[in-house]
Amino acid sequence: MATVRGMVRQCQREILEPDLGPERAREILVMLTSLYGNTLDEIRDADAAYNAVLLQHLDSSEKANRAKIRAESTPEFQRRQEARDTKELVIEMTRSLKYYLRSQEEEMRLAR
């Protein structure tokens, strides 16, 4: 089963291809739009897991800043950051594809 991050990376590789056509760009745009919801779900789950770890560290530490540093060195924090980074990547690729498609439409309109 493919992960959301894996599917986003696959879209990223396809966008980098020099022969990306408008039809495939639209298909990727639809896929990225649907994956955006999945990234939001992952962020929500990762935030909950990280907050539980942070709370454990806050309960066991005298100082909040040290507890935060300890919590940020856990796999839960890494998962949280990866989810947020994936969301940003999806947003930027979506913007890029929309611009690409608009420019392709403009070229087609001017060529007539």
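Note: the structure precedes this text.
Now for a quick tour of the structure. (Residues numbered from 1 in each chain as written. Predicted model: local features only at pLDDT ≥ 70, side-chain atom pairs only at ≥ 80, totals over all residues. Heavy atoms only, no water.)

### Here we look at the packing of aromatic side chains
Put simply, the test is: Put simply, two rings from Phe, Tyr or Trp (the six-membered ring, in Trp's case) pair if the centres are within 6.5 Å, and we call them stacked under 30 degrees between planes, edge-to-face over 60, tilted for the rest. Comment: elements are numbered from the N terminus, with helices defined as DSSP H or I runs of at least four residues and strands as E runs of at least two. Throughout this description, buried means an accessible area under 20% of the type-specific maximum (1.4 Å probe, protein chains only), exposed means over 50%, and partly exposed covers the range between.
In total, this model carries one aromatic pair according to the counting rule given. Seen in terms of ring centroids, Tyr 50 and Phe 77 are 5.4 Å apart; in terms of plane orientation they differ by 55 degrees. Their pairing is tilted. Of this pair, Tyr 50 sits in helix H2 (residues 22-60) while Phe 77 sits in helix H4 (residues 75-111), placing them 27 residues apart in sequence. Side by side, Tyr 50 and Phe 77 carry an identical accessibility label, which is buried.

### Concerning the side chain of Thr 94
What counts here: By the criterion applied in these results, polar contacts are pairs of N or O atoms within 3.5 Å in which, for protein atoms, one can donate a hydrogen and the other can accept it, and in which residues neighboring in sequence qualify only through two side-chain atoms. Here a residue-residue contact requires only that any non-hydrogen atoms of the pair lie within 4.5 Å.
Structurally, Thr 94 can be placed in helix H4. Judged by relative accessible area, which is 13%, Thr 94 ranks as buried. Only 2.7 Å separates the side chain of Thr 94 from the backbone oxygen of Val 90, close enough to count as a polar contact. Thr 94 has contacts with Leu 29 and Leu 32, leaving out every residue within four places of it along the chain.

### Digging into the nonpolar core
How we decide: Nonpolar cores were defined as sets of buried Ala, Val, Leu, Ile, Met, Phe, Trp, Tyr and Cys residues, with membership established by side-chain atoms within 4.5 Å.
Counting twelve residues, the largest nonpolar core is built from Val 8, Cys 11, Leu 20, Ala 25, Ile 28, Leu 29, Leu 32, Leu 35, Val 90, Met 93, Leu 97 and Leu 101. In this structure, Met 93 is in contact with Val 8, Cys 11, Gln 12, Ile 15 and Leu 32, ignoring residues within four places of it in sequence. If you look at the next biggest cluster of nonpolar residues, it comprises five residues, including Tyr 50, Val 53, Leu 54 and Phe 77.

### Details of the pattern of salt bridges
Quick note on the threshold: We define a salt bridge as a side-chain nitrogen of Lys or Arg found within 4 Å of a carboxyl oxygen belonging to Asp or Glu.
Applying the stated criterion to the full structure yields twelve salt bridges. The residue Glu 82 makes a salt bridge to Arg 5 at a minimum N-O spacing of 3.5 Å. Placement of the pair is Glu 82 in helix H4 and Arg 5 in helix H1 (residues 4-15), with a sequence separation of 77 residues. The class of Glu 82 is partly exposed, set by a relative accessible area of 30%. Judged by relative accessible area, Arg 5 falls into the partly exposed class, the value being 22%.

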